[in-house]
Amino acid sequence: MNFCKSNQTVQNTVHLIRSDLQAAFKHAFDHVIEDDLIEIQRTSQIKFGHFQSNIAMKMAKALKQSPQSIGQRLIEPLTQHPYYKQITIAGPGFINFFMSEAYFNDSLHQMGSSPTLGIQSSHPPLNIIVDYSSPNVAKKMHVGHLRSTIIGDSIVRLLTFCGHRVIRQNHIGDWGTQFGMLIEYLIQNASDPQSADVTTAYQAAKKQFDDDPAFAERAKARVVLLQQGDAATIAIWQSLVENSERHFSEVYERLGVLLNAADIRPESYFNDQLQPLVDTLTQSEICVVDQGAKVIFLDGFKDQEDRALPMIIQKSDGGFLYATTDLAALQFRLERLKADRIIYCVDSRQQQHFDMLFAAAKKIGWIDQQQLEYALFGTVLGEDHRPFKTRSGDTVALLPLIDQAIEKAKSLIIKKHPNWAKAQLNQTAQSLAISAIKYADLSNDKIKNYLFSEEKMLAFDGNTAPYLLNAYVRIQSLFRKANCDVPTAMNGQLDLSTEVEIQLAHHLCYFPIEIEAIAKHLELHRLCHYLYQLAMLFHRFYEHHPILNDRSQESRLALAALVSRVLAQGFSILGIQTIDYM
RNA sequence: GCGUCCGUAGCUCAGCUGGAUAGAGCAACAGCCUUCUAAGCUGUGGGUCGCAGGUUCGAAUCCUGCCGGGCGUGCCA
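This is a predicted model, so every value here is computed, not measured. (Residues numbered from 1 in each chain as written. Chains lettered and ligands numbered in written order. Predicted model: local features only at pLDDT ≥ 70, side-chain atom pairs only at ≥ 80, totals over all residues. Heavy atoms only, no water.)

1. Some words on the protein's contact with RNA strand B
Among the 67 residues in the neighbourhood of RNA strand B, the closest are listed as K61, F94, K315, F460 and R474. Take S316: an N or O atom from its main chain is 3.0 Å from a base oxygen of RNA strand B. A distance of 2.3 Å separates a phosphate oxygen of RNA strand B from a polar side-chain atom of H385. Looking at the surface near RNA strand B, the elements that each hand over two or more residues are helix 2 (55-63), strand 5 (94-99), strand 10 (293-296), helix 12 (351-364), strand 15 (450-451), helix 16 (465-482) and helix 20 (524-544). A per-element tally of the surface near RNA strand B places helix 20 first, with 9 residues. Split by residue class, the surface near RNA strand B holds 25 nonpolar, 21 polar and 21 charged. (Near = heavy atom within 4 Å. Polar contact = N/O pair within 3.5 Å; in protein donor to acceptor, adjacent residues only side chain to side chain. Helix = DSSP H or I, 4+ residues; strand = E, 2+ residues; numbered from the N terminus. Nonpolar A, V, L, I, M, F, W, Y, C, P; charged D, E, K, R; others polar.)

2. Here's the deal with the packing of aromatic side chains
A full pass over the atoms with the stated rule returns 20 aromatic pairs. Relative to Y103, the ring of F51 has its centre 6.1 Å away and its plane inclined at 80 degrees; by these criteria the two rings are edge-to-face. Linking F51 in strand 3 (residues 51-53) with Y103 in helix 4 (residues 101-112), this pair joins segments that are 52 residues apart in sequence. Side by side, F51 and Y103 carry an identical accessibility label, which is buried. Among the aromatic residues, ring-to-ring pairing joins F51, Y83, Y103, F104 and Y510 into one connected group. Between R42 and the ring centre of Y510, over which it is positioned, the NZ or CZ distance is 4.4 Å. Here the guanidinium or amino end of R265 rests over the ring plane of Y269, the centre of that ring lying 4.9 Å away. (Phe/Tyr/Trp six-rings, centres within 6.5 Å; stacked < 30°, edge-to-face > 60°. Buried < 20%, exposed > 50% of the residue type's maximum accessible area, 1.4 Å probe, protein only. Lys NZ or Arg CZ within 6 Å of the ring centre and 35° of its normal.)

3. A closer look at the nonpolar core
With 162 residues, the main nonpolar core has L21, F51 and F97 as its most contacted residues. It is helix 21 (residues 553-574) that provides the largest number of residues to this core, a total of 12 residues. (Core = buried A, V, L, I, M, F, W, Y, C linked by side-chain atoms within 4.5 Å.)

4. Describing the pattern of salt bridges
Scanning the entire structure with this criterion turns up 23 salt bridges. Across the salt bridge formed by D403 and R254, the nearest N and O atoms sit 2.9 Å from each other. Of the two residues, D403 is situated in helix 13 (residues 398-416) and R254 in helix 9 (residues 231-255); the sequence distance between them amounts to 149 residues. Ionic pairing is found between E305 and R307, a salt bridge with its closest N-O pair at 3.6 Å. Residue E305 shares its accessibility class with R307, and that shared class is exposed. Taken together, the shared-partner salt bridges in this structure form one network comprising E184, R218 and R222. (Salt bridge = Lys/Arg side-chain N within 4 Å of Asp/Glu carboxyl O.)

5. Considerations on unusual backbone geometry
Trans peptide bonds make up most of the peptide bonds, and negative phi angles are found at most residues other than glycine. The backbone of D30 sits at a positive phi, close to 50 degrees, despite the residue not being glycine. Looking at the secondary structure, you find D30 in the loop between helix 1 (9-29) and strand 2 (40-42). Given the relative accessible area of 60%, D30 is considered exposed. With phi around 65 degrees, D306 is a residue other than glycine that occupies positive phi space. Tracing the backbone through its elements, the reader meets D306 in the loop between strand 10 and strand 11 (311-314).

6. A look at the environment of Y132
Along the chain, the position of Y132 falls in the loop between strand 7 (127-131) and helix 5 (146-161). The exposure class of Y132 is buried, given its relative accessible area of 0%. Sequence separation of Y132 and Q169 is 37 residues, and the distance between their C-alpha atoms is 6.5 Å. Each residue touching Y132, except ones within four places of it in the same chain, is listed here: S148, T149, G152, D153, V156, R168, Q169, N170, L259 and C345. (Contact = heavy atoms within 4.5 Å.)

7. Regarding the sheet that holds strand 10
Taken together, 3 strands build an open sheet; the order of strands is 9-10-11 and the sheet is antiparallel. Here the strands that pair on one side only, and so sit at the sheet edges, are strand 9 (288-290) and strand 11. Taking the axes of each pair of neighbouring strands and ignoring which way they run, one obtains an average angle of 50 degrees across the sheet. (Pairing = 2+ DSSP bridges. Axes fitted to C-alpha atoms, helices over the stretch in contact; angles between N-to-C directions.)

8. What about helix 9?
With 25 residues, helix 9 extends 36 Å from end C-alpha to end C-alpha; this agrees with the ideal 36 Å at 1.5 Å per step. Positive backbone phi, approximately 70 degrees, marks G256, located one or two places after helix 9. (Expected span 1.5 Å × (residues − 1).)

9. Considerations on the sheet that holds strand 5
The 4 strands lie next to each other as 2-3-5-4, forming an open sheet whose pairing is antiparallel. Since the sheet does not close on itself, it has two edges, and those belong to strand 2 and strand 4 (84-90), each with one partner. Within the sheet, the average angular offset between the axes of one strand and its neighbour, ignoring direction, is 30 degrees. Inspection of the sheet shows strand 4 paired to strand 5 by 6 bridges, in the antiparallel sense. Bridging across to strand 5, Y84 finds its partner in M99.

10. Re helix 14 (residues 422-442)
For helix 14, spanning 21 residues, the distance from its first C-alpha to its last is 30 Å, which sits close to the expected 30 Å at 1.5 Å a residue. When you tally the buried positions in helix 14, you get 15 out of 21 residues, the bulk of the element.

11. Quick word on the pairing of strand 13 (residues 371-374)
Here 4 bridges tie strand 12 (residues 341-344) to strand 13, and the two strands are oriented parallel to one another. Paired with R341 across the two strands is Q371, which belongs to strand 13. The β-α-β motif built from strand 12, the intervening helix 12 and the parallel element strand 13 has right-handed crossover chirality. (Right-handed = clockwise from strand over helix to strand, strands pointing away.)

What is shown is where atoms sit, not what they do.
Structure representation (structure tokens):
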């Protein structure tokens, strides 16, 4: 399956080199080698040229010749194409290709004339479901929801950019026994469920549940009322849900993520389907009764005593579990939403649960060609390398965390621009802080735990949002000074002459290929790394070359314009807002 | 115990399907603003890639076994 396709000069050039090598091989050794045996890769260092092939080393044994002599015979007939500037044999036998200015001019021109920077939409588009964020009603969103929300949002943007039909699913936790005690507590204290501070109420309810047996009894009875659909109970529950959803919306809006009310498909949505689902699975003997519970046994899962560990889908008391809801949600996504690919953006601690879910779906026979996968992520750690908590040991709430980052950004901006108007200061600080939080998360390999450091994420040096945004801001400033804009500058004639310009061009050309690879494996940190290198190369270019009022102004502005577009496109995929001043 | 993930410079992290002398940033030291945003650029020092085997022309990368750490492991989510 193709998740994203790049089709432009670079890729055509890779094909060109490959087929040239193939022809040369046939000519020199009367031997046909298969396409996929000839890898063409980007060189590790600029002194080795722009592309390289290791085919001479691969074939040395079979041909009983040294890689160097094989390489030598291969490159002789290769030197004709105007895209090749120089071809050399080096090191243990690499064939290094140095590309010509014509190649870079053509590549950049083609990229610049494409509205999608050379990325071709996937045909046909796939229905891709991204399950992310998934906060719980009756709890404020906290740092534990941050990664799923940010990573999921970026995955949605990435796959949308690649031309897919992406369906967001926010599987919020709005059902379960805990609502019995919460509702009972609110009734007892005559609290308004629309406006109550649910986190505090929840904690108090839990405490009373543990300490007061009479309350616990009433809470349990309330669960039954809720499940039976008692009108008064449902009304309170509904208010609680609305209360929480307003809070979720506020967080999503402040973070600038795409999730909205229409993406919410809560646990309660599947309530009616749980019993029928269990019954069907029982009838087909996929689900069996074990120790009083209804379970599905799956190969390869063991408990602590090395016995088969089943997935429990109905408790011995008749209650359902999150495995049941997830199973029903999966069925819904496959059958009703016609999912081709489903991506669960969840904490890596849930891996086993989802392994079981996927295995169950296969056992039931729901899965044909569709792909179930997850974007697993590690824990957010504090500077002490322990899970990120407040000083008192509580989970860190999201809104105060965002506010704090904004304050920090403000103080940094004031140092540089003491005279900025309040509105500009606030707006820039907000953009910078949100970008910093997102970028810090996305730039780390998501499977690893990551260290949350406000200091580092807002640093102006290194692989941070401010550093990248600064490259963008510098370009916008250039265009203001030149009285020109990006689309106009894009039409300028390129005339690349220096090593730094060529390096920048070479890196730009790789954008579509990077995006293609990133979309396949959902490696967002790789996009960050790519953009970081682009920003670094641009800063170097900017520092070493005069741009305005230089005889190369037209060419250099065209180059800057393309950098601007690629940065902006990259930021857009990461969910980062561009700014024009900082 | 079993499963799973992680282990790369003092610190935070890259290293793509195996490829050349393992790369950035921070921190340390030394330079660069009468021209486009110095929130920048240039240079120096710093690594037994957890350990040991194996596969290979070639291993941080693949395989096996250890060591260390996180997480999960039957009716919570």
